[in-house]
Amino acid sequence: MNSKERIFRQIEGTPVDHIPLIGGWVLGARNIAAIAGITVEQYQSDPHGSVLAANHALGCDGLVPPAIPSPDNLDENHQGEVVEENFKDIEAEALLEYAERIPDTEEQLLAERYNEKKAEDDIKALYEMHLRNTRGFTLIPNDWGISANFTLFAIYGYQAFLEAIAIYPEAVEKIFWESAVLARQTNRFHIEMIKKHDLPRMMFTGHDICNQTGPMCSPKFLRESYWPHAKYALEPFVREGIRLLHHCDGNVTPLIDDMLDAGYTGFQGFQFECGVDPYDLAARRGPNGERPLFMAGLSVARTLPFGTPEDLKAEVDYFMDFTDGGKGLFLFTSNVVGIEVPPINLTTAYHHAASIDPSAWNAKKRAWPWSLQESKTLLS
């Protein structure tokens, strides 16, 4: 079974020889060089080729559009970070002022703010770039812009955004609506590209909506003012049978039903330490009875940086358990892997997952292994 067959069969729910392995989210030039078996100098001379070599060494079947650490900053540990200090002069009124300039009807909005030719060209260029950057692997389609845009905090900062939700909720909803209408129009070009390039019928997306205690704002506000617009934007994918996987940072438990209703039938990430119960998620079903897909979710906060190779094997086994023997499971990381992660931990996890025959797995229900380790540490 080749890598592409393995990914497609896993989406379809037919047997695979081992769960598909997905890569792409590793930072740290030294770590990438170590995994690839090359020198740092070789990495610096060809960062892109080195990233691909490292993912080949891990045994990856597919890649999300990969992070490529700068050759000039060997300690690069973040990409795309939102720094609140950069928004100190922005106030909630900025969102109100923007909302007041948005046309009131979909027809007006599309006429004034949507350039179909540019949107099509931009999506084609995006796929061409992603396919170049993942050559030799199956591309896992990924775009954060296909839904209503919750990440207004990346434009206005967290304080102004959250204050605007409290003071000007209708204005914030209008901005959500605008982004959803524009995204829905553009999503048909994503669907065309997925079909044209025979890519997996899945889309990895979703915004950061939660912190470690729960949603950043009221689930009631989200249910009334955000999710309906997200659902409208995503409907073309749902109609085409393209599975949507939502990135899950923090405690997403209060929002799972909303995600399912909006069209998501898969989940990526998970911070198990926040109380997320993957057995509960695995028991859910999509609107057409779909078993959830999981891109799970090696912990970048606990197991990968602080565990041993044996801890990583135990975490992979836990993934196999909560998915009833790997059904719908793709091995991935919970978020971007930092420079503090020992390369042996990542290599061990991926190679261990590739060694498991799902047909022979005897699934059982148990706690996340790292929570048990933390308990032992506290007692010792």
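Residues numbered from 1 in each chain as written. Predicted model: local features only at pLDDT ≥ 70, side-chain atom pairs only at ≥ 80, totals over all residues. Heavy atoms only, no water.

A. The layout of surface pockets, seen in detail. Put simply, the second largest pocket is a space of about 300 Å³. Looking at the second largest pocket, it is lined by 18 residues, and the ones nearest its centre are Gln10, Gly13, Thr14, Lys327 and Gly328. Ranked by the residues each element gives to the lining of the second largest pocket, the list is headed by helix 1 (residues 3-12), at three residues. In terms of residue class, the lining of the second largest pocket is made up of six nonpolar, seven polar and five charged. (1 Å grid on protein atoms, 1.4 Å probe; cavity = no way out; pocket = protein on both sides within 12 Å on 5 of 7 lines; lining within 4 Å. Points joined across faces, edges and corners; volume = space filled by probe spheres on them. Helix = DSSP H or I, 4+ residues; strand = E, 2+ residues; numbered from the N terminus. Nonpolar A, V, L, I, M, F, W, Y, C, P; charged D, E, K, R; others polar.)

B. Broad picture of the sheet that holds strand 3 (residues 138-139). Strand order in the open sheet formed by three strands is 1-2-3, and the pairing between neighbours is parallel. The open sheet has two edge strands, strand 1 (22-23) and strand 3, and neither has a second partner. Both strand 2 (residues 62-63) and strand 3 contribute to a ladder of two bridges, which runs parallel. When the sheet's bridge partners are listed, Leu63 is paired in strand 3 with Leu139. (Pairing = 2+ DSSP bridges.)

C. Spatial organisation of the nonpolar core. If you look at the biggest cluster of nonpolar residues, it comprises 114 residues, and the most contacted ones within it are Trp227 and Leu298. Ranked by residues supplied to this core, first place goes to helix 10 (residues 169-196) with 12 residues. (Core = buried A, V, L, I, M, F, W, Y, C linked by side-chain atoms within 4.5 Å. Buried < 20%, exposed > 50% of the residue type's maximum accessible area, 1.4 Å probe, protein only.)

D. Structural detail: the pairing of strand 8 (residues 329-333). In terms of burial, strand 8 is a largely internal element, five of the five residues being buried. Side chains Leu329, Leu331 and Thr333 of strand 8 all project onto a buried face; the interleaved residues Phe330 and Phe332 project onto the opposite face, where all are buried too. Note that strand 7 (residues 293-298) and strand 8 share five bridges and pair parallel. From the neighbouring strand, Ala296 faces strand 8, where its bridge partner is Leu331.

E. Seen up close, empty space enclosed by the protein. As enumerated under the stated definition, the model contains three cavities of 30 Å³ or more in all. Here the largest cavity defines a volume of roughly 50 Å³. Lining the largest cavity are Gly24, Val26, Ile32, Ile35, Val51, Ala54, Asn55, Leu58 and Ala67. Residue assignment for the lining of the largest cavity shows that the elements contributing at least two residues are helix 2 (29-36) and helix 4 (47-58). Sort the elements by how many residues they give to the lining of the largest cavity and helix 4 lands first, with four residues. The class makeup of the residues in the lining of the largest cavity is seven nonpolar, two polar and no charged.

F. Focus on the sheet that holds strand 7. Across the sheet, which stays open at both edges, the five strands sit in the order 4-5-6-7-8 with parallel pairing between neighbours. Bordering the open sheet on either side are strand 4 (202-205) and strand 8, each of which pairs with just one other strand. Pairwise comparison of adjacent strand axes, ignoring direction, gives a mean angle of 25° for this sheet. In this fold helix 16 (residues 309-322) packs onto strand 7 and strand 8, with an angle of close to 160° to the strand it touches most, strand 7. Running over the sheet, helix 17 (residues 343-355) touches strand 7 and strand 8 and is turned about 175° from strand 8. (Axes fitted to C-alpha atoms, helices over the stretch in contact; angles between N-to-C directions. Contact = heavy atoms within 4.5 Å.)

G. Summary view of the packing of helix 2 against helix 17. Relative orientation of the contacting elements helix 2 and helix 17 amounts to 50°, with a least axis distance of 9 Å. In terms of orientation, helix 2 lies oblique with respect to helix 17. Relative to helix 17, helix 2 is oriented so that their crossing is right-handed. Contacts from Asn31, Ala34 and Ile35 in helix 2 reach Pro343, Leu346 and Thr347 in helix 17. Classifying every residue of the contact of helix 2 with helix 17 by side-chain character gives four nonpolar, two polar and no charged. (Parallel < 35°, antiparallel > 145°, perpendicular 65-115°, else oblique. Left-handed = near helix turned anticlockwise from the far one by under 90°.)

H. How the structure looks around the packing of aromatic side chains. Scanning the model with the defined rule gives 26 aromatic pairs in all. On the basis of an interplanar angle of 70° and a centroid distance of 6.0 Å, the ring pair of Phe319 and Phe322 is categorised as edge-to-face. Taken together, the residues span about one helical turn, with Phe319 and Phe322 both in helix 16 at a distance of three residues. The burial state of Phe319 is the same as that of Phe322; both residues are buried. Each residue in the set Phe267, Phe270, Phe272, Tyr279, Phe294, Tyr318, Phe319, Phe322 and Trp368 is aromatic and connected to the rest through ring pairs, giving one cluster. (Phe/Tyr/Trp six-rings, centres within 6.5 Å; stacked < 30°, edge-to-face > 60°.)

I. Quick peek at the environment of Phe87. Along the chain, the position of Phe87 falls in the loop between strand 2 and helix 5 (93-100). It is 44 Å that separates the C-alpha atoms of Phe87 and Arg366, two residues lying 279 residues apart in sequence. In this structure, Phe87 is in contact with Val82, Phe153, Ala154, Ile155, Tyr156 and Gly157, ignoring residues within four places of it in sequence.

J. Looking closely at the pattern of salt bridges. For the coordinates displayed, the defined rule picks out 25 salt bridges. For Asp104, the salt bridge identified is with Lys174, shortest N-O distance 2.6 Å. With a gap of 70 residues between them, Asp104 in the loop between helix 5 and helix 6 (106-113) and Lys174 in helix 10 connect regions that are remote in the sequence. On the accessibility criterion, Asp104 (60% relative accessible area) is exposed. The partner of Glu178 in a salt bridge is Arg113, and the shortest N-O contact between them spans 2.7 Å. Pair noted here: Glu178 is in helix 10 and Arg113 is in helix 6, with a separation of 65 residues, a long-range link. One salt-bridge network, held together by shared partners, links Arg6, Asp17 and Asp61. (Salt bridge = Lys/Arg side-chain N within 4 Å of Asp/Glu carboxyl O.)

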